[in-house]
Amino acid sequence: MNAQVKSKKRVSDHGEVFTREREVDAMLSLVKHETERIDSRFLEPACGTGNFLVPILERKLSVVKRKYGKSQLEFERYSVVVVGSIYGVDIMEDNVKLCRKRLFDTFDKHYTNLYKDKSKDAMRDIVSFVLEKNILRGDALSLKTVSKNPEPIIFSEWSPFNGSMIKRRGFLFEELIPNSAKNIDLFKKADISDLGTPAFIPTPVKEYPLSHFLLLNYENPN
Ligand SMILES: C[S@@+](CC[C@H](N)C(=O)[O-])C[C@H]1O[C@@H](n2cnc3c(N)ncnc32)[C@H](O)[C@@H]1O
């Protein structure tokens, strides 16, 4: 077996073949501007162990480091936004866990290198918390969680507000897919953007109170 394949059984059961770094880089370079925009959002519906999501986080964190690295507080705030802008779903539990770990390690490597003994465990806890909400075990075909009682997948949006505050809202995965059968009639006449093209405006199914970014895991735990 090689780095792209864990076992023949997993290939035949789940089509699990991981993408090589060279191909990932070439594909991400096609959307270079978006991978370097702090608040662009990426959702990968069969994310594996994060072969795409990890380099996206690397690219975004490099921008945060370059622009805000001189201020620890600014770096921390923007890191939460950047980690919160990356979403993944995979049907295999071990892939989900490893994907979260690789994303966490990517953040922690930059954070610890930059601030050494001034780096905070509270910040690491927030990053782990956001990753737990954003990288989910689920079935990208049914758009439901994988469990005895599958539930519709809900993703959290993390929007910065007034400096250090974050507004969290929950959205149904099935509502975030403009062409899914459920959403065929979503583009009503009223939903037209300033550019005159159809605008897609999903409705949140959960609203959380505004929270300081370092208190997200206490104030919005579920
Ligand atoms: C071809 S691999 C690609 C992984 C990753 N995107 C990459 O490029 O390295 C496909 C992935 O899809 C996952 N998968 C298979 N069926 C799925 C489903 N119904 N819902 C979510 N993930 C699924 C597998 O576990 C596997 O990690």
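The preceding data block contains the structure.
Parameters at a glance
Residues numbered from 1 in each chain as written. Predicted model: local features only at pLDDT ≥ 70, side-chain atom pairs only at ≥ 80, totals over all residues. Heavy atoms only, no water. Helix = DSSP H or I, 4+ residues; strand = E, 2+ residues; numbered from the N terminus. Buried < 20%, exposed > 50% of the residue type's maximum accessible area, 1.4 Å probe, protein only. Expected span 1.5 Å × (residues − 1). Salt bridge = Lys/Arg side-chain N within 4 Å of Asp/Glu carboxyl O. Near = heavy atom within 4 Å. Polar contact = N/O pair within 3.5 Å; in protein donor to acceptor, adjacent residues only side chain to side chain. Areas by Shrake-Rupley, 256 points an atom, 1.4 Å probe, with all protein chains shown as cover. Nonpolar A, V, L, I, M, F, W, Y, C, P; charged D, E, K, R; others polar. Pairing = 2+ DSSP bridges. Contact = heavy atoms within 4.5 Å. Axes fitted to C-alpha atoms, helices over the stretch in contact; angles between N-to-C directions. Phe/Tyr/Trp six-rings, centres within 6.5 Å; stacked < 30°, edge-to-face > 60°. Lys NZ or Arg CZ within 6 Å of the ring centre and 35° of its normal. Disulfide = S-S within 2.5 Å.

A. Quick look at the environment of I177. Mapping I177 onto the fold places it in the loop between β6 (165-172) and β7 (206-207). With a relative accessible area of 28%, I177 lands in the partly exposed category. As for I177 and P209, which are separated by 32 residues in sequence, their C-alpha atoms are 26 Å apart.

B. Quick peek at helix α4 (residues 53-68). Helix length check: α4, at 16 residues, gives a terminal C-alpha distance of 22 Å against a target of 22 Å (1.5 Å per residue), a fit within 8%. Looking at α4, one finds that the buried residues are L53, V54, P55, I56, L57, R59, K60, L61, V63 and V64.

C. The arrangement of the pattern of salt bridges in detail. Evaluation of the coordinates by the stated rule reveals 20 salt bridges. The partner of R37 in a salt bridge is D39, and the shortest N-O contact between them spans 3.1 Å. On the basis of relative accessibility, which here comes to 32%, the residue R37 falls in the partly exposed class. On the basis of relative accessibility, which here comes to 48%, the residue D39 falls in the partly exposed class.

D. Examining the site of the ligand more closely. For the ligand, the set of nearby residues contains 21 residues, the closest of which are T19, E44, A46, D90 and A140. In this structure, a nitrogen atom belonging to the ligand sits 2.6 Å away from a side-chain N or O atom of E44. In the model, an oxygen atom of the ligand is placed 2.7 Å from a nitrogen or oxygen of the D90 side chain. Computed on the free molecule, the ligand has an accessible area of 590 Å², of which 85% lies beneath the protein chains in the complex. Here the shell around the ligand is built from residues that sort into ten nonpolar, seven polar and four charged.

E. Structural context of the sheet that holds strand β3 (residues 135-139). Strand order in the open sheet made by the four strands is β1-β2-β3-β4, with mixed pairing throughout. Each having just a single partner strand, β1 (42-44) and β4 (144-145) make up the two edges of the open sheet. Against the sheet, helix α6 (residues 93-115) touches β2 (86-90) and β3, its axis set at about 160 degrees to β3.

F. Inspection of the packing of aromatic side chains at higher detail. Going through the model one piece at a time under the given rule, you end up with eight aromatic pairs. Residues Y87 and F155 carry aromatic rings whose centres are separated by 5.3 Å and whose planes lie at 75 degrees to one another, so their mutual orientation is edge-to-face. Of this pair, Y87 sits in strand β2 while F155 sits in strand β5 (residues 154-161), and the two are 68 residues apart along the sequence. Note on F155: relative accessible area 3%, which makes it buried. Plain terms: the ring middles of Y111 and Y115 are 5.8 Å apart, the flat faces sit at 65 degrees to each other, and that makes the pair edge-to-face. One end of the pair, Y111, and the other, Y115, are both in helix α6, four residues apart, so they sit about a helical turn from each other. Using a relative accessible area of 11% as the deciding quantity, one classes Y115 as buried. An aromatic cluster is defined as three or more aromatic residues linked by ring pairs; in this entry it consists of F75, F107, Y111 and Y115. Cation over ring: R168 sits above Y208, and NZ or CZ is 4.0 Å from the ring centre.

G. The arrangement of the state of the cysteines in detail. Under the defined criterion, the tally for this structure stands at zero disulfides. Left unpaired, C47 is separated from the closest cysteine sulfur, that of C99, by 4.1 Å. Given a relative accessible area of 4%, C47 falls into the buried group.

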